[in-house]
Every structure is written in structure tokens, then in C-alpha cells.
Amino acid sequence: HLILLAFVAVLLSVAASRFAVFDALHILLERKPSESVAAGSLLLATAAGWVPMVMTYFGAEKASSRPKRAVVLVGSLGLLLILLRPPLPIKGGGECPQLPLALCPRLWDASHTPEHEVDDVAVYGDGLRRREHWPLWMVVAASFSGILASTSTIRANALFAPIRLIQGGVAGLLVGGYMALEFFPG
């Protein structure tokens, strides 16, 4: 159970250093990062912090693939957010909700608020209305479903074949839904 506390400690330390990650991205990109790039970078930093512990404590053991799978899933979700840049809600930011004991569970403060993606106007001009591209979340879900299926610990036999078929069907439906919403609107 001590290793679980170490995993939680890494997660909390990344959460505590989120402003430093934001500042590093700001310097590297020479502009404020978008909200999905910032969130994906935090997930990648968490996965990178977990790698030494997983390799030290679970490196040679085949029976304990859950921690390795967790690192792959968290890191791949971070990469998907960085590469696909799906839109995240604009609401929130530096404001704190009214919670008891003055708790403030915000991810960013007022000086570290990520920018919302506005590349459509920059690419296509003002003639076209700005689209939010919410269907990109379907591609993220389809890709993550594929990664989830490929890292699954379920043994390949006839009993679990329908589970793999359902996972493939879900990924196909998500990609088909993305294409329908993005390329054939209305």
C-alpha cells in the first residue's frame, strides 16, 4: 500500500507544480498554451513521474501489469489531448466557486489561464463562422478505446471475443459519428 501512496504523491506534486508546467509551456511555445495542451502536458508529467516507480517495483514482474497499463493509459491520454487539441469548456478559469472552508479546486489562477483554440479564424478567415469541433472528443474516445483494448489483460479466447468485438464496434461508431458531425453537418 506504500507504493499506492507514492503514486498519489506524484499526482499531487504534479498538481502542485501545474503553474510551473504552464510557464514552461508558455516559454517553449512563445504564447499561452491552449487548454487541451496544458491538460495533456499535466497528464504526461504525471505519467513521466510514475515511470521510475513502475520500472523499479514492477519492471520484471509479468503478474503486475496494472501499474504499467496505468502509465500507458495516462500518458497516451495526455498525448491525445496534445495532438488532437479537442476544445475544453471556457467556463471556470481563475474563478473559485463558493465552497465551505474556502476550498478552491481550480486548475488555473488568473495569470495562468490557458487560451481557447481559435485557429479556424486564423486559417480560414472571418468569412466562415468559428466551429468548436466538439466531435473531436469522439476521435479522442475512439483512440483511447483502441489503446484500452490493446493494453487489456483479457486473454484471447472464445469467451472474451465478444468483448473485443464490442470495443471495436464502439471505436467504429465513434469515428463514424465524428465523420458524420464534422464533414456532413445538418
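Each remark here, short or long, concerns the structure printed above.
My aim in this report is to walk through the structure given alongside it, one point at a time. Numbering of residues starts from 1 in every chain and runs along the sequence as written. Under the rules for a predicted model, residues below a pLDDT of 70 receive no local features and side-chain atom pairs below 80 are neither given nor counted, while totals for whole chains, interfaces and linings still include all residues. Computation of side-chain values: all heavy atoms of the structure, hydrogens and water removed.

Only DSSP runs of H or I covering at least 4 residues are called helices, and only runs of E covering at least 2 are called strands; the numbering of each starts at the N terminus. The number of helices and strands found in the protein is seven helices and zero strands. Going from the N terminus to the C terminus, the protein shows its helices and strands as α-α-α-α-α-α-α. Burial classes: relative accessible area under 20% of the type maximum marks a residue as buried, over 50% as exposed, and values in between as partly exposed (1.4 Å probe, protein chains only). Buried residues in the protein amount to 30% of all 186 residues. Once local pairs closer than 6 in sequence are excluded, the contacts in the protein between residues at least 24 apart make up 71%. Under the convention used here, a 1.4 Å probe and the Shrake-Rupley method define accessible areas, while residue burial counts only the protein chains that appear. Summed over all atoms, the accessible surface of the protein reaches about 12100 Å², with 70% contributed by carbon and sulfur. Contacts are assigned to residue pairs with any non-hydrogen atoms lying within 4.5 Å of each other.

Before going further, it helps to spend a moment on the packing of helix α1 (residues 2-16) against helix α3 (residues 35-58). Contact geometry of α1 with α3 gives a least axis separation of 9 Å together with a crossing angle of 155 degrees. Comparing the axis directions of α1 and α3 gives the class roughly antiparallel. Like other packed secondary-structure pairs, α1 and α3 cross with a definite hand, here right-handed. Counted together, Ile3, Ala6, Phe7, Val10, Leu11 and Val14 of α1 and Leu42, Ala45, Thr46, Gly49, Trp50, Met53, Val54, Tyr57 and Phe58 of α3 form the full contact between these two elements. Residue classes in the contact of α1 with α3 are distributed as 13 nonpolar, two polar and no charged. Here the axes come from fitting lines to C-alpha atoms, over the contacting stretch only for helices, and the angles between their N-to-C directions go from 0 to 180 degrees. Orientation categories follow fixed angle ranges, with anything under 35 degrees roughly parallel, anything over 145 roughly antiparallel, 65 to 115 roughly perpendicular, and all other angles oblique. Crossing handedness: left-handed means the near helix sits turned counterclockwise from the far one by under a right angle, and right-handed means the same turn made clockwise. Three categories are distinguished: nonpolar for Ala, Val, Leu, Ile, Met, Phe, Trp, Tyr, Cys and Pro, charged for Asp, Glu, Lys and Arg, and polar for the others, with Gly belonging to the last.

Further remarks concern the side chain of Ser41. Tracing the sequence through the fold places Ser41 in helix α3. Residue Ser41 is classed as buried on the basis of its relative accessible area, which comes to 12%. N or O atoms closer than or at 3.5 Å make up a polar contact, with two conditions inside protein: a donor-capable atom paired with an acceptor-capable one, and, for residues adjacent in sequence, both atoms drawn from side chains. A distance of 2.8 Å separates a polar atom in the side chain of Ser41 from the backbone oxygen of Val37. Sequence-distant contacts of Ser41, defined by excluding residues within four places in its chain, comprise Val21, Leu25 and Ile82.

Moving on: the side chain of Thr46. You can see Thr46 is positioned in helix α3. You can call Thr46 buried: its relative accessible area is 4%. The residues contacting Thr46, other than those within four sequence positions of it, are Val10, Leu11, Val14 and Val74.

What follows covers helix α4 (residues 66-84). Counted at 1.5 Å a residue, the expected span for α4 with its 19 residues is 27 Å, and the 26 Å between its end C-alpha atoms agrees. Where α4 is concerned, the buried positions are Pro67, Val71, Leu73, Val74, Gly75, Ser76, Gly78, Leu80 and Leu81. Of the surrounding secondary structure, the elements contacted by the buried residues of α4 are α1, α3 and α6 (136-150). Immediately beyond the C-terminal end of α4, within one or two residues, lies Arg85, with a positive phi of roughly 50 degrees. Take the residue count of a helix, subtract one, and multiply by 1.5 Å to get its expected span.

A few words on the packing of aromatic side chains. Centres within 6.5 Å make a pair out of two Phe, Tyr or Trp rings, where for Trp the six-membered ring is used; the pair is then stacked when the planes are under 30 degrees apart, edge-to-face when over 60, and tilted otherwise. For the coordinates displayed, the defined rule picks out one aromatic pair. Here Phe7 and Trp50 contribute two aromatic rings whose centre-to-centre distance is 5.4 Å and whose plane-to-plane angle is 65 degrees, an arrangement assigned as edge-to-face. Of this pair, Phe7 sits in helix α1 while Trp50 sits in helix α3; the two residues are 43 residues apart in sequence, bridging distant segments of the chain. In this pair, the class of Phe7 matches that of Trp50, namely buried. The side chain of Arg18 reaches across the aromatic face of Phe19, ending 4.5 Å from its centre. Definition used: whenever NZ (Lys) or CZ (Arg) falls within 6 Å of the ring centre and also within 35 degrees of the ring normal, the charge is taken to sit over that ring.

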